[in-house]
There are 2 protein chains.
Amino acid sequence: MEAKANGPKEEESRIDPPTNPMVTPLLSDLYQFTMAYAYWKARKHNERAVFDLYFRKNPFGGEFTVFAGLEECIRLIANFKFTEEEIAFIRASLPETCEDGFYDYLRGIDCSDVEVYAVPEGYVVFPKVPLLRVEGPIAVVQLLETPFLNLINYASLVATNAARHRSIAGKSKLLLEFGLRRAQGPDGGIGASKYSYIGGFDATSNVEAGRLFGIPLRGTHSHAFVSSFMSLDEIMEKSLQSSDGSSTCEDFVSLVQAWLSKIKWSHLSHGIFGETNQSELAAFTSYALAFPNNFLALVDTYDVMRSGVPNFCAVALALNDLGYKAVGIRLDSGDLAYLSCEARKFFHIIEKEFGVSNFGKMGITASNDLNEETLDALNKQGHEVDAFGIGTNLVTCYAQPALGCVFKLVEINNQPRIKLSEDVSKVSIPCKKRCYRLYGKEGYPLVDIMTGENEPPPKMAERILCRHPFNESKRAYVVPRHVEELLKCFWPGSPDKAREELPPLMQIRDRCIKQLQQMRPDHVRRLNPTPYKVSVSAKLYDFIHFLWLNEAPVGELQ
Amino acid sequence: MEAKANGPKEEESRIDPPTNPMVTPLLSDLYQFTMAYAYWKARKHNERAVFDLYFRKNPFGGEFTVFAGLEECIRLIANFKFTEEEIAFIRASLPETCEDGFYDYLRGIDCSDVEVYAVPEGYVVFPKVPLLRVEGPIAVVQLLETPFLNLINYASLVATNAARHRSIAGKSKLLLEFGLRRAQGPDGGIGASKYSYIGGFDATSNVEAGRLFGIPLRGTHSHAFVSSFMSLDEIMEKSLQSSDGSSTCEDFVSLVQAWLSKIKWSHLSHGIFGETNQSELAAFTSYALAFPNNFLALVDTYDVMRSGVPNFCAVALALNDLGYKAVGIRLDSGDLAYLSCEARKFFHIIEKEFGVSNFGKMGITASNDLNEETLDALNKQGHEVDAFGIGTNLVTCYAQPALGCVFKLVEINNQPRIKLSEDVSKVSIPCKKRCYRLYGKEGYPLVDIMTGENEPPPKMAERILCRHPFNESKRAYVVPRHVEELLKCFWPGSPDKAREELPPLMQIRDRCIKQLQQMRPDHVRRLNPTPYKVSVSAKLYDFIHFLWLNEAPVGELQ
């Protein structure tokens, strides 16, 4: 016992606490504590229970989900321990009749007796198959229900949302998460940045998420910056050294003005614009002086084609004279398909007229309430956008703001338990289970199958019957080319057993991208996707239906 | 200067940091830092700017919004200071060409030069009227944009959502927030608990929110608790002392069984149920032994009327024998209107049959995906529910998961600034402004009016012209019975000026409830509410349109 007690402690010390310090054993529903007390009072608290964490329906009308949030769950249990202050608060929150011994019990618990088997973070997952199988003393495991659901529901939802946006935008586009200001609270924002990155986004605007997770950061300026300027007279320091340091332009402002005039009177662009907005020109010039290597301008404060784009080009050409290459423009309003095409045409005119090579390939970023539908519409209309900044719809998961993971008791003291419901989709699948993904000869996953814990695992090249858990007519024989066990041990409950490492974020992101590529395309497409099959073994099927009939009351029609 | 520097520091020290330790000056978009650098580089960083924080459209198809999140904003600015580690991270995130002097500048800044005028938290507010007016050095105020929007958008959204649920449920019902597990991340959950309470909820299941904010906690047990029991044989300790301590029932289990049999064979309830589920009966009995004073049972694990309610009544009657009063039942599935009425009928049968006074008034709590529509449908069908537990739809604001507050520059160096847009509703209202609420003779607020800062305030009993800011034909004379200035000083930027206190949460909640009661009912009703009028003074109207014409380019039709 001594060795065991020390063992996990040492392991625990290697796992950081949850990212958000507010994630503690108290981030839970009161009923977990009232139940823990009732279990304790009934001397049931150490009965060994198995709970499955799973969802019943893929979000966003799709047929796949990206699993995320596991690392934060493991961080919680690795550091699960009540402080005296927390125990005092629980005591104050429960009825006075509760016995003191319970608080001594709480004081002593940690998660060294708990086992967590889970699908690796970043995997593509499907309804009914457990994402986590949590086993341990019932009172302790019960206390994990609420924080686990909280940490996984939103994480998986937003990772899935990001993956869907990526799938529509295509691999070649840069996807930027811009949602912090509209997120549901501070770590609604921080979580969105982290899990959007897992789902395939490239960068975030959220500085704190960059600091915490090493996610690349992006951002330039807003409309306020543009309207904070009045005129070019405001610019005091006008000199700019050339990129290679060989010379200095003493009056960059005049250089910009000269370029604006050249563009205006050039043969090809003549008539496209008249007088551009001078406060905008001043803002762009000033921004370029501050960031000559990173000049990206928001061009829609006044009028994209009659002011923003010509002003941008004047500054970009002036920078070009000094050996700097402008990064591009951002459009944040209006008809993004039309404006991006017009801007692209204008950039090509500049390239042709002034012989500036690659000017036509200038980056175009688009933002403003983008979502799956607008990305799809842009694709259909044709656009010239290289990078999309997506905020509100991504981070709040506007199209479906909640995923409904549940945490159900499936076994206690080796006795399988089933939760019935008049709605068949809500009946739980009993027993401590193993879960496998069977792959076909094309390399695609064909079906996930759940079996009883002690059944022999499916074998490569060996025929196995896969049954729908509730519909007796749905079944299929499968000869897997490859069998993958889905639930891996992330928290062993004993120091002797091996534990899966928690990989760095970038690796989880790569895994997610690879997983999505591996899926048969019709499962992950946006319109009318094909449901992926989820099944149980013949033996488990029979057992479910035996238990079901045993538990369900026989109705009486009157 | 010395005195000034000390003054605010002393005041600051009295304000706690934000509730979530992740709310720091880095919880911001990268572009706030790139802009700050560009302002600094252009020697513009200390120019005095005024920004308005406001929204453009009420959420949920309604005509009102509850303002919340202010206290967290004030906590942020009272403690706004970069650590060396944060500065190092900003340096690593900006281009290498950025000058060192900027980081010294960041090191030195705090919010002692910033002024925040705001509507008090818990007020009912309307589109276009600033919720906050933030004035200060432009680079510093710019850094506040993202965290302020993050802290206010969701807070106001969920407080409004809670107020709407309260309005449909009616004053007499108990409203419980049960959303932690489905919330958008950990403080999506904690924020939901806090701001639902402000919006009129009575309690939460979220223990950490209870600890942080003193919100009343509620919770009993889940389906897992029920299915963790097999039979009454499991109950080892069967004795229960009577409520007054005068006697002890040695076998409470047998007492429960005797009552179940009496109910089953009683004249009035005969035929309603046959054999009830014994694991459920064991769970209820066990829970009652743990919480004899707080017995509330979840009755839908197997069958509400054929198992859950009879089992509950047996335990409740056994408790009654020992002087305890059961609290009631919770329904978490099925037809809540029908089941609550059937359960109520059954309770009345028990009261009548066994002469237990008030048994018919047993509490009935309902949960399961409740939202505005289902509450409304329950009201129309007729129900017997006393308390509603609302989760997902409340905390994720499922009907509209984001509020679109914006933060717009309205003045810099005493020069008014306007942000134009082809969409008139997106044109900003320029100038540093004052805002008033004008009340009519019935006591209802009639209209909010914005004026230039130096205009004389509207006076009681004096006629004033209120103009729609953008529609010249919409205007009305108002003779206010009472005039209230809306923007109050919460952060004075100088120690000499008075500052509004940050009231305790309960006081904000009371204020919100009072504010909603004070509104003319047609503004706050759910179906076809009347828009509340928001206006500008005649002088401000003229000025807006002068600036607008001045800034907008004249189109050319080709």
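Basis of the calculations
- Residues numbered from 1 in each chain as written.
- Chains lettered and ligands numbered in written order.
- Predicted model: local features only at pLDDT ≥ 70, side-chain atom pairs only at ≥ 80, totals over all residues.
- Heavy atoms only, no water.
- Helix = DSSP H or I, 4+ residues; strand = E, 2+ residues; numbered from the N terminus.
- Buried < 20%, exposed > 50% of the residue type's maximum accessible area, 1.4 Å probe, protein only.
- Contact = heavy atoms within 4.5 Å.
- Areas by Shrake-Rupley, 256 points an atom, 1.4 Å probe, with all protein chains shown as cover.
- Lys, Arg positive; Asp, Glu negative; His and termini not counted.
- Charge placed at Lys NZ, Arg CZ, Asp CG, Glu CD.
- Least-squares fit on C-alpha atoms with pLDDT ≥ 70 in both.
- Pairing = 2+ DSSP bridges.
- Axes fitted to C-alpha atoms, helices over the stretch in contact; angles between N-to-C directions.
- Left-handed = near helix turned anticlockwise from the far one by under 90°.
- Phe/Tyr/Trp six-rings, centres within 6.5 Å; stacked < 30°, edge-to-face > 60°.
- Lys NZ or Arg CZ within 6 Å of the ring centre and 35° of its normal.
- UniProt positions renumbered as here; feature names shortened; annotations may be inferred.
- Expected span 1.5 Å × (residues − 1).
- Polar contact = N/O pair within 3.5 Å; in protein donor to acceptor, adjacent residues only side chain to side chain.

K.L.:
Explain the overall build of chain A to me, please; I cannot follow it from the model alone.
P.N.:
For chain A, the helix and strand inventory stands at 18 helices and 22 strands. Considered along the principal axes of its C-alpha atoms, chain A spans approximately 85 × 55 × 55 Å. When burial is assessed residue by residue, chain A has 63% of its 558 residues classed as buried. Sequence-distant contacts in chain A: of pairs separated by 6 or more residues, those separated by 24 or more amount to 74%. When the accessible area of chain A is evaluated, it comes to approximately 20900 Å², of which 50% is carbon and sulfur surface. With 61 positive and 69 negative side-chain charges, chain A shows a spacing of 7 Å between the two charge centroids.

K.L.:
How should the relation of the copies chain B and chain A be read in this particular structure?
P.N.:
Put simply, the two copies of the chain differ by a rotation about an axis and a shift along that axis. The two copies are related by a screw operation: chain B maps onto chain A through 180° of rotation and 0.0 Å of translation along the axis, at an RMSD of 0.0 Å. On the angle and the small slide along the axis, the relation comes out as a two-fold axis. A high fraction, 100%, of the interface residues of chain B reappear at the interface in chain A, so the copies pair face to face through one surface.

K.L.:
Would you explain the pairing of strand β1 (residues 48-54) of chain B in this entry?
P.N.:
In regular strands, side chains alternate between the two faces of the sheet. Residues and elements named next belong to chain B. Counting buried positions along β1 yields six of seven residues, so the element is predominantly enclosed. One ladder, built from six bridges, connects β1 with strand β5 (residues 132-137); its direction is antiparallel. Within the sheet, the bridge partner assigned to Arg48 lies in β5 and is Pro137. By the bridge criterion, six bridges tie β1 to strand β14 (residues 406-412) in an arrangement that is antiparallel. The residue of β14 that forms the bridge with Val50 is Glu411.

K.L.:
Teacher, can you tell me more about the packing of helix α11 (residues 278-290) of chain B against helix α12 (residues 304-321) of chain B here?
P.N.:
For any two helices packed against each other, the geometry comes down to the angle between their axes and how far apart the axes lie. Residue and element names in this part refer to chain B. The N-to-C vectors of α11 and α12 enclose an angle of 35°; their axes lie 9 Å apart at closest approach. Classified by chirality, the crossing of α12 by α11 is right-handed. Contacts from Glu280, Leu281, Phe284, Thr285 and Ala288 of α11 reach α12 at Ser307, Gly308, Asn311, Phe312, Val315 and Leu319.

K.L.:
Any chance you could explain the packing of aromatic side chains here in plain terms?
P.N.:
For any two aromatic rings, the description comes down to two numbers: the centre-to-centre distance and the angle of the planes. Applying the stated criterion across every chain, the model contains 44 aromatic pairs over all chains. With 5.9 Å between their ring centres and 70° between their planes, Phe33 of chain B and Phe82 of chain B make a pair best called edge-to-face. On the criterion of sequence distance, the pair formed by Phe33 of chain B in helix α2 (residues 30-41) and Phe82 of chain B in the loop between α3 (70-78) and α4 (84-93) is long-range, its members being 49 residues apart. When its relative accessible area of 0% is taken as the criterion, Phe33 of chain B is described as buried. Taken together, the ring pairs in this structure connect Tyr37, Tyr39, Trp40, Phe102, Tyr103 and Tyr105 of chain A together with Phe225, Phe229, Tyr287 and Phe291 of chain B into an aromatic cluster. Taking the ring centre of Phe229 of chain A as reference, the NZ or CZ of Lys44 of chain B above it sits at 4.2 Å. Positioned above the aromatic ring of Trp259 of chain B, the side-chain terminus of Lys262 of chain B is 4.0 Å from the ring centre.

K.L.:
Where do I start with the UniProt feature "domain: Nicotinate phosphoribosyltransferase N-terminal" (unreviewed entry) in chain A in this structure?
P.N.:
UniProt annotation of "domain: Nicotinate phosphoribosyltransferase N-terminal" (unreviewed entry) refers to residues 26-153 of chain A when read in the numbering used here. From the first C-alpha to the last, residues 26-153 of chain A spans 18 Å; its make-up is 44% helix and 16% strand.

K.L.:
Explanation requested: helix α12 (residues 304-321) of chain A in the structure shown.
P.N.:
For an α-helix the count is 3.6 residues per turn, leaving residues at separations of three or four pointing the same way. Residue and element names in this part refer to chain A. The end-to-end C-alpha distance of α12 is 24 Å, a good match for the 26 Å that 18 residues give at a rise of 1.5 Å each. N-cap assignment for α12: the residue whose side-chain oxygen lies 3.3 Å from the backbone N of Met305 is Asp303. Where α12 terminates, the next one or two residues include Gly323, which has phi positive at roughly 90°.

K.L.:
Can you walk me through the UniProt feature "domain: Nicotinate/nicotinamide phosphoribosyltransferase" (unreviewed entry) in chain A in this structure?
P.N.:
Summarizing the sequence annotation, UniProt attributes the feature "domain: Nicotinate/nicotinamide phosphoribosyltransferase" (unreviewed entry) to residues 177-426 of chain A in the numbering used throughout. For residues 177-426 of chain A, the helix share is 41%, the strand share is 12%, and the end-to-end C-alpha distance is 35 Å.

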